[in-house]
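This is what each chain is made of:
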Amino acid sequence: MIKNIFKLSWRNIWRNKRRTVITFLAVAVGVMTLIFMQSYINGIMNSATDAMVKLDIGHIKLVNPEYLRLKRIMPKEYMVPDIDRVTAAVNRVKGVDMVDPRIRFNVLLSHGNDNEIGIAVGMDPPLVDDNIQLSHQVTEGRYLERDGRELIIGRKLAEKLNVAVDDELLLITTDINYSSYALAFKIVGIFETGYSYMDKYLLFLPLPQAQTMLDCGNAAHEVLLFIDDPERAVAVAGEIRTALAGHPQAGDIEVIPWQQDELLGELVPMMQDIWGAIMKIIMLIVGLVILNTMLMTVMERFHEIGVMKALGFKNLEVFVMIMVEAAYIGVIGALVGGALGGPLSAWLEKTGIDVTKMLGEGLMEKFDIPIPMLAKILYPDFSLAILIHAIVFGVIVALIAVLYPAIKSLRMSPVEAFRSELKV
Amino acid sequence: MKRTILFTALLGLLWLFTGAQDTPGAEDILEKIDENMVFDTAYVEAEMRITIRNRLITKTFTSFSQGNEKSFLEFLSPARDRGTKILKIEEIVQIYYPSAERILRLSGHLLRQSMMGSDFSYEDMTERSKKLREEYRAEVKGREEIDGRPCWVMELVSRLPKQTYFTRKVWVDSERYLGLREELYAKSGKLLKVMTVDEIKTTRNRFYPVKVTLEDKLRENSRTEMIITRIDFDVPVPEGTFSERNLMRK
Amino acid sequence: MGSLFKLAFRNVFRFKRRTFITFTAVSVGLALLIIMICLMNGVDKQSIDNIVNSETSHIKIFKRGYFEKKDELPMDLRIDDADDVRSWLSDRPEIRRMEKRILFGASIIKGMDELPCLGVAMEPEQDPFIFNIKASLLEGDWLKPDDTGILIGKDLADDVGLKVGDLVTVRLISSSDRENFSWNALDVEVKGLFDTGNPNTDGQVLILPLARAQQALSMGSGATELVIRLNVADPTDPSIEATRKEVQAILKRRGADLEVYSWKELAGEFLIISKMKTRNSSMIIMIMLIIAAMGIANTMLMAVLERTREIGMLAALGMKKSQILVLFLIEGGIIGVIGSLVGCLLGGLGGWYLQVHGWKLGSEAFGDITASFYPLKNVFYADLSLDVLVMTFVLGTVIAVVTSFYPALKAARLNPVDALRHI
């Protein structure tokens, strides 16, 4: 009898094509909406933290604890020593993709009679470009090569100094042994990131040049590590600590996963709360739609139930039939929704949504804000988990919707069932 | 008869009010200090010992000076500083950085930066005592003893509203006319720097400080000792010493 | 027509379950929308209030030319006759308080480290009526006019490692002119720490009594700005602009070489960012509205489909197509009105609750978001306003009616015979 019920249910739902199609469209659209919205929201949250992670925090950061403590003052002498050795140790840990050492120090900039204080950042140009596409932000001149006595400078800083591409800039600083040291650099490019902090104060130069200026040997202030699975940062950080334990100056190196970064650690839970709430509201609405539609399907056909009971079907069998029909519609609808929503979101993840069109380029120009470099295109963050959650949600709501009338029907006599369509 | 008595009395009063004869006016003291320090030219070899954050860094340099107007310094050690040269002509200071092969001209706030990491600022190095007499109002406040030497305590208050060291307190050795200790204050009264002369050498009837310690009170636990290892007065200065060309010489 | 109404009414209340679901969709959807909008407005308002209370106040008077260079803190462009100005304006009822202030470049020197910050010299007896600094004192005491201590922001204190009672040296820059650069230094005691919620203020400002700063900066009795707080409750009050113009006119008549600016011009960068955020949230609200409208449309459509037989009967009984259309529209309207009413009620209650208690977010050890320049804390308060309620009510009703249009059309077009046969 059970096998028959499945076949019968299937035939039942196709008897009224239009009704069935509408119902399962409702489920499909609902599931698609959930998939897309969750991906979109994840994308929004990612882009907010992305900039900070890529520019400043990395997935894991290696830093001298004293430097961290006094970070606002930027004390030159507290560094992570012996980068080669650190890099070798870190590369032995599985999952580490990129090792990005940085040096940051106050510097006096001189061009002719113009002097300004700036902040010089020594880094690995191709590496950083890989990571944040810094070269795309160079609006005049060209990007840096791996090594060479050249630098790129923020637009606003360049304006203050009255310098242009191909000009020479004298950089003077006090090294870590309190000697005054100067080097003349060639400005090869001017960049504009949209972040006023960067454009007003920063200049980038190759790491070896910075090390020469500070006379610090092969050391750096921070080493940003990027791993293939950011979620595992805490675990990987632990492995790195172990790997570094043999380093003679291990006490000078603190390993910090991004989750423990002060700023992010506060920002992320807050964003999750806000977006979580919004997502819940969306789920509520979608759930209501599915619920309503499914309910209608059953209620409309209550007289059929009466007929079935009159024909001799047992109460339990009728109950199962209702549930199975709901299951069919729910599962197919949800799967279709997943099949459509999934690939769409995955595709959008690759191509991104051009946010500027939505925010209005006109507004940006009016206030002369270049759009911050990593926020132009929003990439929804799709994952299999999202797909599965949405599908399961759709199916469960569909089933729950039908549960109430199905249970009620258990105790109804055929005549009652027959009549109830008119009433409700 | 009455007239004579009155006149004598007036004279006496005048004498009383102009103060005791053995304390000279502040202006005079400053002049005498100048006289002590005057020379046509000088050649100096010196060592700067900088104690900062529990580290001791030693630098050596040579210098040629022409009076108080021109001087040329060249650093010999440590290696990173070797070849760094400073040319001062009147108020203008220029630094040559051998690593960059470029000259930086210092002015304004840059002059108040620490020179080569020491407690001395470039401004401190360019001080001329004539400036002291022009820009400060001097007053003798009393007498004290420093290390057994009798001193006049002088207070100099700036005539100009914008002066890095608004008030200066100087202990001048009353026999040798040499400042033994100097305290430099900001306008608010905050003590900014303290200079003490630790060793004095006698040359040709002049008294010259050969070891001076300066503490920048805005830097915690920091002290610079300037030790002159050799000083020759009125030596012939090679032609072209005080020039940009000399700065850039390898 | 009247009978249609009566019929519509009866229909609505007859089909309890269906009506209930539809009306739940409308009311819950609207209530949530209201709460969200109130929250977003609240956040915005909070930030604006914060900036006005900690940084800009309502109106500031500067020497002509100061505003364009204000980022450089040009000490030579100062107001020497501020006391006169105060007396000219003292009898104006819309002005609550005025205060002379000096903004100057400064740095805190602790040990070997020197951290640049913003120096603010204020009048301790006026300031509490204008800014929220005294009110936000976390530790320590307020300053007296002749005090030798300073107040610093909590974030600044944390960065340098200072607490109440510590002695530090502060460098005050009295001229930023490159050639004429001069400064003074003071030994001061940290007398108190404040936490206004504005990261610009808490992370960069140190506060001194005006008299002490004037002396240290050789400014005589001058000031770089005259701050005016008005008797308005809300910074968005349009009378602020009117007052600004009036004050400017008065100053002009008196021949003073001064300019008057309102907080909107002073809060420049913040407002730009705030506009961006408004656009962002509007987009979200738009998306949610669409989803909600789809939900309502769905329930309406379902309702029609469910009642196919009944519609067939009505048609068979002689009801015209137009009448059926109108009937369904009215039903939609009724549900819309009632649903919106209840939605507004629920939303209003929720909004009110959040206005009083706020919504606490994120981790417990949270401070301020310094990543953006947005002055914010981790508790969000909603801002309930009648406008929002009324607009949402109208919106809800309109959506309900509009979304019933398509289903109503379908209903009207049903062939009675097919409809009756529908099972």
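Colleague: Please clarify how the overall build of chain A should be interpreted in this entry.
Modeller: Tallying secondary structure elements over chain A gives 16 helices and twelve strands in all. Expected size for 424 residues packed as a compact globule is a radius of gyration near 22 Å; at 31 Å, chain A overshoots this value by more than 25%. Structurally, chain A occupies a C-alpha span of about 100 × 55 × 30 Å along its principal axes. Residues classed as buried in chain A amount to 43% of the 424 residues present.

Colleague: Just to check I follow, could you spell out the environment of E215 of chain B for this structure?
Modeller: All names here are of chain B. Mapping E215 onto the fold places it in strand 12 (residues 206–216). Classification of E215 by C-beta neighbours within 10 Å gives partly exposed; the count is 19. With residues up to four places along the chain from it excluded, the contact list for E215 reads D119, K193, V194, S222 and R223.

Colleague: Honestly, the domain arrangement of chain A in this entry has me stumped. Any pointers?
Modeller: Reports of interface size often rely on the accessible area that becomes lost once the parts have come together. Segmentation of chain A into domains returns domain 1 (2–52 + 266–423) and domain 2 (65–252). Look at where the C-alpha atoms of domain 1 of chain A and domain 2 of chain A centre, and you get two points 49 Å apart.

Colleague: Hey, could you run me through the interface of chain C and chain B in this one?
Modeller: Facing 16 residues of chain C, the contacting portion of chain B comprises 15 residues. Counting residues per element, the ones that place at least two in the side of chain C that touches chain B are strand 6 (167–175) and strand 7 (182–194) of chain C. Looking at which element gives the most residues to the side of chain C that touches chain B, the answer is strand 7 of chain C, with five residues. Its residues placed into classes, the side of chain C that touches chain B shows six nonpolar, seven polar and three charged.

Colleague: How do you make sense of the environment of A42 of chain B when you look at a structure like this?
Modeller: Mapped onto the elements, A42 of chain B comes out in strand 1 (residues 41–52). Each residue touching A42 of chain B, except ones within four places of it in the same chain, is listed here: S65, I231, D232 and F233 of chain B.

Colleague: Got a minute to help me understand the nonpolar core in this structure?
Modeller: Generally speaking, soluble globular proteins have nonpolar side chains that are buried together. Residues I290 and A398 of chain A together with I34 of chain C are the most contacted members of the largest nonpolar core, which totals 98 residues. Setting aside anything within four residues of it in sequence, one finds I34 of chain C in contact with C344, G347, G348, G351, V388, L389 and T392 of chain C. Judged by nonpolar contacts, the second largest core, of 83 residues, contains I190, L207 and L224 of chain A together with F75 of chain B.

Colleague: Explain the pairing of strand 11 (residues 191–203) of chain B to me, please; I cannot follow it from the model alone.
Modeller: Residue and element names in this part refer to chain B. Where strand 10 (residues 178–185) meets strand 11, five bridges bridge the pair, whose relative direction is antiparallel. Within strand 11, the position partnered with Y185 by the bridge is L191. Here strand 10 folds back onto strand 11, and the loop between the two strands holds five residues, one of which, G189, carries a positive phi near 100 degrees. Relative to strand 12, strand 11 is paired through ten bridges, and the arrangement is antiparallel. Among the inter-strand pairings, V194 is bridged to a residue of strand 12, identified as E215. In textbook terms, the turn of a hairpin is the stretch between consecutive antiparallel strands, and for strand 11 and strand 12 this stretch comprises two residues, one of which, R204, has a positive phi near 45 degrees.

So, how was this worked out
Residue positions are given per chain, counted from 1 along the sequence in the order it is written. For this description, chains carry letters from A and ligands carry numbers from 1, given in the order in which they are written. Whole-chain, interface and lining totals are the exception, using all residues; otherwise, since this is a predicted model, local features are given only for residues with pLDDT of at least 70 and side-chain atom pairs are given and counted only at 80 or more. Runs of H or I in DSSP of at least four residues are treated as helices and runs of E of at least two as strands, each being numbered from the N terminus. Using C-alpha atoms as the atom set, the radius of gyration is obtained and then compared with a globule rule of 2.2 Å times the number of residues to the power 0.38. Any residue whose C-beta has 12 or fewer other C-beta atoms within 10 Å is treated as exposed, any with 20 or more as buried, and any in between as partly exposed, C-beta atoms being built from the backbone. Contact criterion: two residues are in contact if their C-beta atoms, reconstructed from the backbone, are within 7 Å. Domain segmentation is taken from an automatic or database assignment of domains. Each residue is assigned to one class: nonpolar for Ala, Val, Leu, Ile, Met, Phe, Trp, Tyr, Cys and Pro, charged for Asp, Glu, Lys and Arg, and polar for all the others, Gly among them. Nonpolar core, as used here: buried Ala, Val, Leu, Ile, Met, Phe, Trp, Tyr and Cys residues forming one set through C-beta atoms within 7 Å. Think of it this way: DSSP has to see at least two bridges between two strands before they count as a pair.

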